[in-house]
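Residues per chain, in single letters:
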Amino acid sequence: MSLRAFSLRPGARLEPGSVCSECLFRFLAPPNAIPRRTFAAAGSLHNKLSQPRVLPRILRKSYFSSYMPDLPQATFLSRSKKSASFTHQASLFESAAPESRGQTSNPAAQLQGSPDAVDELPHRRRQRLKAEKENGPTGSAENAIRPDASSRLSTLSSSLPKTSVRRQLAAYLALTKPQLSFLVVLTATAAYGIYPMPTLLALDPSITPLPTLSTSTLTCLYLTVGTFLSAASANTLNMIFEPKYDAQMSRTRNRPLVRKLLTPRAAWLFAIGTATVGVTALYFGTNPTVAALSAANIILYAFVYTPMKRMSVVNTWVGAIVGGIPPLMGWAAAAGQTAITGHDTWRDLLFGPDSLGGWLLAGILFAWQFPHFNSLSHVIKEDYKNAGYRMLAWTNPARNGRVALRYSLLMFPLSFGLWWVGIVNKGFLVGGTVVNLWLTKEAYRFWKLQGAKGTARGLFWASVWHLPLLMVGTLVAKTGVWDGVWNKAMGIVYDEDEEDEEYLDEEEFRESQDAQVSTQLAQTTKPFV
């Protein structure tokens, strides 16, 4: 502080941090007086006292004024206005300078204890961080979910040289939506694996009295490859039709076609190639019924569901049908593999006496779509609204929660039905009930709070884990899988001679029944000859 300032402002108040003791002594002492050092070094005073001081929190004005009502500023700031004539100044009951603490220059913010205040109180800070964690910061989407595999692959592809082969492979793989395609394959192969055949996964073949056929590993391989390629084609077509709208959404703006990592022509060729190879593999590796279901699913997803998203909220139900078809594909593949006649029609494979298990699995996948997608759409509902997609999350939030809860409750009778028809054992009732209770609990909270307080994210992640746990649970709890282990543990031994005799008795009984039926038919048609 210079001496000229005192001449310009005679009424200026001397503050402890505005002038050092040496300058003060020179100003007040006689002209011939010898300067004296105080107990503090002059250099230290120049370096510290002239800078803003960080005082204890209890001495700061914001601590006392956090809970005060909105009174006129002059009540609290009259003294500071008179004495704040210097840039570097820190009085006893004032906070540090804005440039040193990163505070706002708005005094009202300090009085109200806002996040922009000089020193935010600990409990206020915890409340603000908790609110941002649950509902997201003001003006942004509610804690958008982390990028999916397609986005991460697109980022990896863009970071590689343009001539790199890995760049092209990562971009094409991003078109397939790997996580979604993996779930589709999981549902198809799980249905194929739990088709009721006693010798499928039996540890002891002697427990099966009848020499029934078993599913083929090669058929399962064809089913896996064909289903993945078909799902990849449908997902690629979905990206081809929506790059303009994908660019408007935070979840999809990192897709390869939006970032121009691939040309539309290359994407079309990839979609046609994967569809052709996938459907052909299913046709020759499984049966025509499975190939027809796969082709129908590609058309339904790409050419019906995709444009319907901008027309009506019914698109969610259409997408649920798309998700329910892969289990039917796996079930029909297993049914065709075990067909005795070798020429069963699509009616026999899909509507035969043993087809109820496939429809129950399809129902589970159909119902699962709603808690999964309704929670996801709620998290990014503003993006859907800005892009013009008709979703319940923003058109009717209350119904959005009711639908998610309703179909979560439907999981219980569908899971019970798998045990009722004899596909899974009682262990699945326990494990499946626990997993379904978890999903239903999150769906209830989502409906009750309409997605607030983090319930949308909770339901979304519960649905992500629910489906793999349930599908793997059906494989583990399949009827007959643990019979061999149980029989060995209990010392149960089967006599092969008795089993052969029982088999012959059963065969003779069937032949006698067929003979009786033929006789009755002959007697019935004889008068009309």
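If you're wondering where the values come from, they're calculated on a predicted model, not measured in any experiment. (Residues numbered from 1 in each chain as written. Predicted model: local features only at pLDDT ≥ 70, side-chain atom pairs only at ≥ 80, totals over all residues. Heavy atoms only, no water.)

## Here we look at the overall build of the protein chain
Where we set the bar: Numbered from the N terminus, helices here are DSSP runs of H or I no shorter than four residues, and strands are runs of E no shorter than two. It only takes one pair of heavy atoms within 4.5 Å for two residues to be counted as in contact.
Broken down by element type, the protein chain carries 26 helices and zero strands. Contacts spanning at least 24 positions in sequence make up 73% of the contacts within the protein chain whose residues lie at least 6 apart.

## Concerning the pattern of salt bridges
Close approach of charged atoms allows side chains of opposite charge to pair. How we decide: Each salt bridge in this description consists of a side-chain nitrogen of Lys or Arg and a carboxyl oxygen of Asp or Glu lying within 4 Å of one another. For the exposure calls, accessible area comes from a 1.4 Å probe over protein chains only, and a residue counts as buried if that area is under 20% of its type's maximum, exposed if over 50%, partly exposed in between.
Within this structure, the stated rule accounts for three salt bridges. A salt bridge links Glu242 to Lys309; the nearest nitrogen and oxygen atoms lie 3.2 Å apart. With Glu242 in the loop between α12 (217-241) and α13 (243-246) and Lys309 in the loop between α15 (288-308) and α16 (315-337), this residue pair connects regions lying 67 residues apart in the sequence. With relative accessibility at 3%, the residue Glu242 sits in the buried group. For Lys309, a relative accessible area of 9% puts it in the buried group. Two residues, Arg445 and Glu442, come together in a salt bridge whose shortest N-O distance is 3.3 Å. Of this pair, Arg445 and Glu442 both sit in helix α23 (residues 426-449), three residues apart, roughly one helical turn. Take Arg445: its relative accessible area is 32%, and that puts it in the partly exposed class.

## Observations regarding the confidence of the model for the protein chain
Selection criterion: Values of pLDDT, which run from 0 to 100, indicate the predictor's confidence residue by residue.
Per-residue confidence for the protein chain averages 75 on the pLDDT scale, and 61% of its residues sit at or above 70. Helix α14 (residues 264-285) holds the highest mean pLDDT among the elements of the protein chain, 96, whereas helix α6 (residues 98-101) holds the lowest, 40. Note that residues 136-143 has pLDDT below 50 and, in this model, 17 contacts with residues that lie over four places away or in other chains.

## Thoughts on the UniProt feature "transmembrane region" (unreviewed entry) in the protein chain
Inclusion rule: UniProt positions are given in the numbering used here, feature names are shortened, and annotations may be inferred rather than shown by experiment.
Listed under "transmembrane region" (unreviewed entry) in the UniProt record, and renumbered for this structure, are residues 169-195, 215-241, 262-284, 290-306, 313-336, 409-439 and 459-477. Helix makes up 91% of residues 262-284 and strand 0%, whereas the separation of the span's terminal C-alpha atoms amounts to 32 Å. Secondary structure content for residues 313-336 is 92% helix and 0% strand, while the C-alpha to C-alpha distance between its ends is 37 Å.

## A look at the packing of α14 against α15
For clarity, the cut-off: Angles shown run from 0 to 180 degrees and are taken between the N-to-C directions of axes, each axis being a line fitted to C-alpha atoms and, for helices, limited to the stretch in contact. With respect to orientation, any angle under 35 degrees is reported as roughly parallel, any angle over 145 as roughly antiparallel, any angle of 65 to 115 as roughly perpendicular, and every other angle as oblique. Polarity classes work like this: nonpolar for Ala, Val, Leu, Ile, Met, Phe, Trp, Tyr, Cys and Pro, charged for Asp, Glu, Lys and Arg, and polar for all others, with Gly in that last group.
Orientation of α14 relative to α15, taken along the N-to-C sense of each, is 155°, at an axis distance of 7 Å. Here α14 lies roughly antiparallel to α15, going by the angle between them. Taking contact as the criterion, the partners of Ala275, Val279, Leu282 and Tyr283 in α14 are, on α15, Pro288, Val290, Ala291, Ser294, Ala295 and Ile298. Looking at the contact of α14 with α15, its residues break down into nine nonpolar, one polar and no charged.

## Section: the environment of Tyr301
Just so we agree on the cut-off: For the purposes of these results, a polar contact is taken to be a pair of N or O atoms within 3.5 Å, where, inside protein, one atom must be able to donate a hydrogen and its partner to accept one; residues adjacent in sequence count only when each atom of the pair is a side-chain atom.
On the secondary structure map, Tyr301 appears in helix α15. Not counting chain neighbours up to four residues away, the residues in contact with Tyr301 comprise Lys177, Leu180, Ala234, Asn235, Asn238, Thr306 and Val322. Within the local environment of Tyr301, its side chain forms a polar contact with the side chain of Lys177, the two groups lying 3.4 Å apart.

## With respect to unusual backbone geometry
Backbone geometry at Lys177 places phi at a positive 50°, although glycine is not the residue there. By secondary structure assignment, the location of Lys177 is in the loop between α10 (165-175) and α11 (178-193). Of note in the backbone geometry, Lys260 takes a positive phi value of approximately 60° without being a glycine. Along the chain, Lys260 falls in the loop between α13 and α14. With relative accessibility at 70%, the residue Lys260 sits in the exposed group.

## Points about the nonpolar core
Nonpolar side chains in soluble globular proteins tend to be buried together. This is how the line gets drawn: Residues belong to one nonpolar core when they are buried, are Ala, Val, Leu, Ile, Met, Phe, Trp, Tyr or Cys, and are joined through side-chain atoms within 4.5 Å. Domain start and end points were adopted from an automatic or database domain assignment.
Core analysis: the biggest nonpolar cluster contains 83 residues, and Ile364, Leu418 and Met471 have the highest contact counts within it. In terms of residue count, the dominant contributor to this core is α16 (12 residues). Each of domain 1 (156-342) and domain 2 (353-481) accounts for three or more of the residues forming this core. Excluding residues within four positions of it along the chain, Ile364 makes contact with Met411, Leu414, Ser415, Leu418, Leu470 and Met471.

## Describing the packing of aromatic side chains
Ring pairs (aromatic) are described by centroid distance and by the angle formed between their planes. Note the threshold: The pairing test for Phe, Tyr and Trp rings, Trp by its six-membered ring, is centres within 6.5 Å, and the orientation test on the planes gives stacked under 30 degrees, edge-to-face over 60, and tilted for anything in between.
Under the defined criterion, the tally for this structure stands at 20 aromatic pairs. Aromatic side chains Phe366 and Tyr407 sit 6.0 Å apart centroid to centroid with 70° between the ring planes, which places their arrangement in the edge-to-face category. Residue Phe366 is located in helix α18 (residues 356-379), and its partner Tyr407 is located in helix α21 (residues 397-409); the two are separated by 41 residues in the primary sequence. Given the relative accessible area of 22%, Phe366 is considered partly exposed. Judged by relative accessible area, Tyr407 falls into the buried class, the value being 14%.

## Some words on the side chain of Ser408
Relative to the elements of secondary structure, Ser408 occurs in helix α21. For Ser408, a relative accessible area of 0% puts it in the buried group. Polar contacts involving the side chain of Ser408 include one to the main-chain carbonyl oxygen of Ala404, which spans 2.7 Å. Setting aside residues up to four positions removed in sequence, Ser408 forms contacts with Pro371, Leu439, Thr440 and Ala443.

## What to know about the side chain of Thr474
Position of Thr474 relative to the elements: it lies in helix α24 (residues 455-476). Thr474 sits in the buried class, given a relative accessible area of 1%. Ignoring sequence-local partners within four residues, the contact set of Thr474 consists of Ile194, Leu418, Val424 and Phe428.

## Topic: α16
Along an α-helix, residues three or four positions apart point the same way, because every turn accommodates 3.6 residues. Rules: Every helix has an expected span of 1.5 Å times one less than the residues it contains.
Compared with the 33 Å implied by 1.5 Å per residue over 23 residues, the 34 Å span of α16 between its first and last C-alpha is a close match. Buried residues dominate α16, accounting for 20 of its 23 residues.

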